[in-house]
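# Observations on the model geometry
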Amino acid sequence: MSSLTAETGLTPEAELLESHKKFMEDKSSSNFSSLNKIGAQQFEKLGYPNSKHEMFTFVNTKSVATGFVSAKGSEVNKGQIAEFVYSGCERSLVVLVDGQYRENLSDLSDLDNGVKLVSGEEALADSKIREYLESSVQDENDTFAAINAAFCQDGLFLDIPAKVVMQSTIQILAISSGANGENESSYPRVLVRVGDLAEAKIIVRYAGLKGNYFVNSVQDFLIGNGAGLGLVQVETDQKEARNFSKTRLILNRDSRFSGANVSYGSALTRCHLEARLKATGSEFRFNSVGVLEKKEQVHHYMRVYHEAAQCSSDMHFKNIVNDQSRSSVDGTVIVEQDAQLTNSDQLINNLLLSDEAHADSKPNLIINADDVKCTHGNTVGQIDEEQLFYLKARGLSEAIAKTLLTKSFAASIVETIEFPSVRKNVEETLLKKLEANDG
Amino acid sequence: MLDIKDLTGGFDGNEIVKGVSLKVNPGEIHAIMGPNGSGKSTLSKILAGHPVYEATGGTVTYKGKNLLEMDPEARALEGVFLGFQYPVEIPGVNNAEFLRMSYNALLVNRGEEEIDPLDFDEILDQKMKTVDMDPKYKDRFLNDGFSGGEKKKNEILQMAVLEPTLAILDETDSGLDIDALKTVANGVNRLFNKDRALIVITHYQRLLDYIKPHFVHVFSDGKIVETGGKELALDLEKNGYDKYIASGN
Ligand SMILES: Nc1ncnc2c1ncn2[C@@H]1O[C@H](COP(=O)(O)OP(=O)(O)OP(=O)(O)O)[C@@H](O)[C@H]1O
Ligand SMILES: [Mg+2]
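Because the structure is predicted, anything quoted here is derived from the model rather than measured.

### Remarks on the overall build of chain B
When you go through chain B residue by residue, the secondary structure sums to nine helices and twelve strands. On C-alpha atoms alone, chain B measures out to a radius of gyration of 18 Å, which is about the 18 Å that the 2.2 N^0.38 rule sets for 249 residues. For chain B, the spread of C-alpha atoms along the principal axes amounts to about 55 × 40 × 35 Å. Expressed as a percentage of the 249 residues in chain B, the buried residues total 55%. As displayed, chain B has an accessible area near 11,100 Å², and 47% of this comes from carbon and sulfur atoms.

### Describing the interface of chain A and chain B
In this assembly, 19 residues from chain A lie in contact with 29 residues from chain B. Summing both sides of the interface, chain A and chain B together bury roughly 2,000 Å²; the carbon and sulfur share of this comes to 70%. Its largest share of buried area at the contact with chain B, chain A owes to Phe389, Tyr390 and Arg394 of chain A, together 41% of the area lost on that side. Between the two partners, chain A and chain B, sit one salt bridge. Here Glu155 of chain B makes a salt bridge to Arg394 of chain A, at a shortest N to O gap of 2.8 Å. Applying the counting criterion to the chain A and chain B interface returns ten residue pairs in polar contact (both at pLDDT 80 or more). Mapped onto the side of chain A that touches chain B, the elements with two or more residues apiece are α7 (385-392) and α8 (398-414) of chain A. Ranked by the residues each element gives to the side of chain A that touches chain B, the list is headed by α7 of chain A, at seven residues. Here the residues of the side of chain A that touches chain B sort into nine nonpolar, four polar and six charged.

### Looking at the sheet that holds strand β14 (residues 283-292) of chain A
Backbone-to-backbone hydrogen bonds join strands into a sheet, with any given pair of strands oriented parallel or antiparallel. Residue and element names in this part refer to chain A. Taken in spatial order, the ten strands make up an open sheet running β2-β1-β5-β8-β10-β12-β14-β16-β18-β20, and their pairing is mixed. Each end of this open sheet is capped by a strand with a single partner; those strands are β2 (100-101) and β20 (373-381). When strand β12 (residues 256-263) meets β14, the two strands line up parallel, connected through eight bridges. Its bridge partner being in β14, Asn261 is matched across the sheet by Ser288. Across the sheet, α8 is in contact with β14, β16 (312-321) and β18 (343-352); its angle to β16 comes to roughly 160 degrees.

### Re the coordination of the magnesium ion (ligand 2)
Every protein donor of the magnesium ion (ligand 2) is accounted for by Ser41 of chain B (OG) and Gln85 of chain B (OE1), and the metal-donor separations fall at 2.0 to 2.1 Å. Taken together, the residues span a long stretch of sequence, with Ser41 of chain B in helix α1 (residues 40-48) and Gln85 of chain B in the loop between β6 (80-83) and β7 (90-94) at a distance of 44 residues.

### Notes on a negative patch on the surface
Residue and element names in this part refer to chain B. Side chains of Asp132, Asp134, Asp177 and Asp179 sit close together on the surface and give a patch of like negative charge. As for its position among the elements, Asp179 is in helix α6 (residues 178-191). For Asp179, a relative accessible area of 54% translates into the label exposed.

### A look at the sheet that holds strand β12 (residues 223-228) of chain B
Residue and element names in this part refer to chain B. Overall, mixed pairing links the six strands, which are arranged β6-β9-β10-β3-β11-β12 in an open sheet. The open sheet terminates on both sides in strands that have one partner only, identified here as β6 and β12. The sheet shows a mean angle of 20 degrees between the axes of neighbouring strands, taken without regard to direction. In the sheet, strand β11 (residues 215-220) pairs with β12 via five bridges, with the strands oriented antiparallel. By the bridge assignment for β12, Phe219 is matched with Ile224. Against the sheet, helix α5 (residues 148-162) touches β6 and β9 (166-170), its axis set at about 165 degrees to β6.

### Digging into helix α8 (residues 230-239) of chain B
Residue and element names in this part refer to chain B. Taken as a whole, α8 has its buried residues at Leu232, Ala233 and Leu236. Seen end-on, α8 carries its buried residues on one side only, within an arc spanning 105 degrees. Facing away from the buried surface of α8 by more than 90 degrees, the exposed residues are Glu231 and Lys238.

### Describing the nonpolar core
If you look at the biggest cluster of nonpolar residues, it comprises 51 residues, and the most contacted ones within it are Ile160, Ile202 and Phe284 of chain A. Per-element tally for this core: the top contributor is strand β8 (residues 199-208) of chain A, with four residues. Those residues in contact with Ile160 of chain A, other than ones at most four positions away along the chain, are Val115, Met166, Val192, Arg193, Val194, Gly195, Ala198 and Ala200 of chain A. One finds Leu391 and Leu404 of chain A together with Ile46 and Tyr53 of chain B within the second-largest nonpolar core, a separate group that totals 44 residues.

### Some remarks on the pattern of salt bridges
Counted under the stated rule, the structure contains 35 salt bridges over all chains. Between Glu112 of chain B and Arg110 of chain B there is a salt bridge, with its nearest N and O atoms 3.2 Å apart. For Glu112 of chain B, a relative accessible area of 41% puts it in the partly exposed group. Sharing partners across several salt bridges, the network here consists of Glu140, Asp220, Lys246, Arg248, Glu274, Arg276, Lys278 and Glu307 of chain A.

### Brief notes about the packing of helix α2 (residues 33-46) of chain A against helix α5 (residues 127-138) of chain A
All names here are of chain A. Put simply, α2 and α5 touch, their axes get as near as 9 Å, and they point 10 degrees apart. The angle between α2 and α5 places the two elements in the roughly parallel class. For the pair α2 and α5, contact is made by Ser34, Leu35, Ile38, Gly39 and Gln42 and by Arg130, Leu133, Glu134, Val137 and Gln138, respectively. Here the residues of the contact of α2 with α5 are counted per class, giving four nonpolar, four polar and two charged.

### So, the site of ligand 1
Residue and element names in this part refer to chain B. The environment of ligand 1 is made up of 14 residues, and the closest members are Lys40, Ser41, Thr42, Tyr53 and His203. Interatomic distance of 2.8 Å between a backbone N/O atom of Gly37 and an oxygen atom of ligand 1. Gln85 has a polar side-chain atom sitting 2.9 Å from an oxygen atom of ligand 1. In the complex, 63% of the free accessible area of ligand 1, which totals 630 Å², lies under the protein chains.

About the thresholds
- Residues numbered from 1 in each chain as written.
- Chains lettered and ligands numbered in written order.
- Predicted model: local features only at pLDDT ≥ 70, side-chain atom pairs only at ≥ 80, totals over all residues.
- Heavy atoms only, no water.
- Helix = DSSP H or I, 4+ residues; strand = E, 2+ residues; numbered from the N terminus.
- Rg over C-alpha atoms; globule rule 2.2 N^0.38 Å.
- Buried < 20%, exposed > 50% of the residue type's maximum accessible area, 1.4 Å probe, protein only.
- Areas by Shrake-Rupley, 256 points an atom, 1.4 Å probe, with all protein chains shown as cover.
- Contact = heavy atoms within 4.5 Å.
- Buried area = accessible area lost by both parts, 1.4 Å probe.
- Salt bridge = Lys/Arg side-chain N within 4 Å of Asp/Glu carboxyl O.
- Polar contact = N/O pair within 3.5 Å; in protein donor to acceptor, adjacent residues only side chain to side chain.
- Nonpolar A, V, L, I, M, F, W, Y, C, P; charged D, E, K, R; others polar.
- Pairing = 2+ DSSP bridges.
- Axes fitted to C-alpha atoms, helices over the stretch in contact; angles between N-to-C directions.
- Donors = N, O, S within 2.8 Å, 3.2 Å for Na, K, Ca; no water.
- Patch = residues over 30% accessible without salt bridge, like charges linked within 9 Å, V, L, I, M, F, W, Y side chains within 5 Å.
- Lys, Arg positive; Asp, Glu negative; His and termini not counted.
- Charge placed at Lys NZ, Arg CZ, Asp CG, Glu CD.
- Arc of directions from axis to C-beta.
- Core = buried A, V, L, I, M, F, W, Y, C linked by side-chain atoms within 4.5 Å.
- Parallel < 35°, antiparallel > 145°, perpendicular 65-115°, else oblique.
- Near = heavy atom within 4 Å.

Here you go:
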């Protein structure tokens, strides 16, 4: 049985259902109403997970069972978000505040011809989109994604029509205002459709203005036949914040996905990535880097399904953990019976900078086809003494030498980030964190 | 410049260096030759301050200071340079950038300002020419995927850029073909002058045709067992170390 939350004495399940009931009574009916209902039903089926749940082995879910009070979506002005906008994306910028699409903060003037962007409320008027989302919630295995469906009221839908090769890079900026006090939750939802033979480049950035908010998002990316998507997700949240995201990728025939995830560190970040390689010839690449200090935590849960023949996947995670921070990667590649000639490589490398830091790795493979080439592996290491001595023997101080080696550990991932402004920010800000520890 | 007295030491309580005394004055080149496993590299690592290797007895004075008390980086900043027998590979660290940081560390230590990156690039290009290294090695990761010979050249490049007062070259000639050997020896000779000193550890007399030592020391079982002039190297090459090993046991 689940434990009771401190404030109400209810189980997290009861508390959530209670607050969902109120939420449904208070809100006026919208295109989201039926999704909200299905989300709550799915949540009831799944229940609230504790650490014995296989999807949350390394995650303290209690700390996000905090009343599920929806953020109101407060007023935020352009000045407040300017620092979170990557250079080059100023005129292809889509802003969500506490999950709600904000036209006044967004700037779509550089968006390529034909690319359509509508708010979630508008998108759900389309019955096909609604059916897709509702059926995906009915199949949902992640409680927090079901909770998102139960409470979300807006979001955005981006449609890149067939054959459009985007010149601009779209930045989706999901801001948590933290305006209405402690422990408020927001439920961003993003749906992106990349049409057949189209090419898209998207940056999703999470950022917060203040407080220990809980942002619980769901993102769907549908990649058409022969289409390509370059995506980077960057979590630059407030230090006390909690950030859970579920990203679902559907790859159709001969489609290509190249993705990166960068964690700047927060009280608790969890990224659930589900990729389905549905048709022959699709290609999935994913790199992830996290730099953590103090008590920060980042957890990755990844499932990659090879459902068709001749697809490839390549995943590489690197985590640098210092102080008492924790990271985990729980990644499984599932090769279905029909997925002959699958190529898959998964590698997890962790660098421990302190005795009290933790880095857990659970790379796994489930293979049901016989003609495949799959590898997986993981390493945990400390700074290499010989390398450190070499640098010091050339006059570099211990602190500088360590920073250089730690950065070099991250380099192979950082240099794969396709977006120069993101990469630059990672080099200048995230890797700076390593210097701050030099003492 | 360097005065080693009765130095003993090793790793994990294993005594490898068993009482070495050696005096090196400015303007001198010393060659150390000796069988595999006799402790030559261990001696050089104790001198450079490798944390795994510890001096257990004796003293080492460098420019009047107790060398053994200094951190490895402080020794480097004071002009001690160890050319490694086996330079480590450091993927992710840019070769030229690393060398610039190192160069700047020396400047700052002397109270000077850091060099403009473009000016450094010029110095680097010129030094790379002297060791016959292709400019493309600037953008490689430090020693990463370098062949044995390329690693040794890179060590000499670093020495040429950092211009140390005391260089200890541990088998820098191993793994070099004759042309590369000449180039490297040239680079070393170009740097050498009356204010500097050099210790070359080698197995091959051949190197000493190009880098002319003032003294040749025979190293066996952790000790210098014989000291002579250049002719000693020729004798060693002809007759081997047998008589020294026999006397050592
Ligand atoms: N870190 C270490 N761990 C274990 N053994 C070591 C270590 N360092 C040195 N030794 C041992 O100490 C002895 C001396 O090694 P050292 O490398 O100093 O010899 P050397 O004279 O440089 O030999 P070579 O001519 O082959 O380079 C050898 O037996 C070597 O195996
Ligand atoms: Mg040796």
